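Structure at a glance
Residues per chain, in single letters:
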Amino acid sequence: QVQLVESGGGLVQPGGSLRLSCASSANFESFDTMNWYRQTPGKQRELVAGITAIDTTYYQDSLKGRFTISKDNTKNTVYLEMNSLKTEDTAAYYCNAVRSGGFSFWGQGTQVTVSS
């Protein structure tokens, strides 16, 4: 069973930055893509950013330029660097790993709150 553990969430003021981390119990080479999603109460979970096995990245259009996804295969960890944070970025952020064959794994989430 794959375990994904997120960390790095917390309270930050508008305009501030946070870096989220997601550590995997499985080797990254077993995944096709690693993604970050976020969800606020009453809304659907939405894709924030993703990175493929060959390091191709993709982002929600509205977040391009403020958020950066990266990964360290030696640590089996994916990161989400978030800059110029806005109150509307407040959400629970989830790590997701996708493996060929339709397998999808989720972390437990980490809360990000942007507030003055």
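Residues numbered from 1 in each chain as written. Predicted model: local features only at pLDDT ≥ 70, side-chain atom pairs only at ≥ 80, totals over all residues. Heavy atoms only, no water.

1. Quick look at the overall build of the protein
Assigned secondary structure in the protein consists of zero helices and 11 strands. Listed by position from the N terminus, the elements making up the protein come as β-β-β-β-β-β-β-β-β-β-β. Taken over C-alpha atoms, the radius of gyration comes to 13 Å for the protein, in line with the 13 Å a tight globule of 116 residues would show. For the protein, the spread of C-alpha atoms along the three principal axes comes to 40 × 25 × 25 Å. Per element, the accessible surface of the protein, about 6,100 Å² overall, is 47% carbon and sulfur. (Helix = DSSP H or I, 4+ residues; strand = E, 2+ residues; numbered from the N terminus. Rg over C-alpha atoms; globule rule 2.2 N^0.38 Å. Areas by Shrake-Rupley, 256 points an atom, 1.4 Å probe, with all protein chains shown as cover.)

2. Some words on unusual backbone geometry
Non-glycine residue Asp55 carries a positive phi angle of around 70 degrees. Mapped onto the fold, Asp55 is located in the loop between strand 5 (46-52) and strand 6 (57-59). By relative accessible area, which is 47% here, Asp55 ends up partly exposed. For Asn76, which is not glycine, the phi torsion reads 50 degrees and is therefore positive. (Buried < 20%, exposed > 50% of the residue type's maximum accessible area, 1.4 Å probe, protein only.)

3. Things to note about the sheet that holds strand 7 (residues 67-72)
Judged by pairing direction, the sheet is antiparallel, and its four strands sit side by side in the order 1-3-8-7 without closing on themselves. Two strands bound the open sheet, and with one partner strand each, they are strand 1 (4-7) and strand 7. Going across the sheet, the axis of each strand differs from the next one's by a mean of 15 degrees, ignoring polarity. Taken together, the four bridges between strand 1 and strand 3 (residues 18-24) define a ladder with antiparallel strand orientation. Across the sheet, residue Ser7 finds its bridge partner in strand 3, namely Ser21. (Pairing = 2+ DSSP bridges. Axes fitted to C-alpha atoms, helices over the stretch in contact; angles between N-to-C directions.)

4. Observations concerning the nonpolar core
Most often, soluble globular proteins keep nonpolar side chains buried together rather than apart. Met34, Trp36, Val78, Leu80, Met82 and Tyr93 are the most contacted members of the largest nonpolar core, which has 29 residues in total. If you list the elements that add at least two residues to this core, you get strand 3, strand 4 (33-39), strand 5, strand 7, strand 8 (77-82), strand 9 (91-99) and strand 11 (110-114). Counting residues per element, this core draws most heavily on strand 9, at four residues. Not counting the four nearest positions on each side in its chain, Leu80 is found in contact with Leu18, Arg19, Leu20, Trp36, Val48, Ala49, Phe67, Thr68, Ile69 and Tyr93. (Core = buried A, V, L, I, M, F, W, Y, C linked by side-chain atoms within 4.5 Å. Contact = heavy atoms within 4.5 Å.)

Geometric descriptors of this kind do not, in isolation, establish any biological role.
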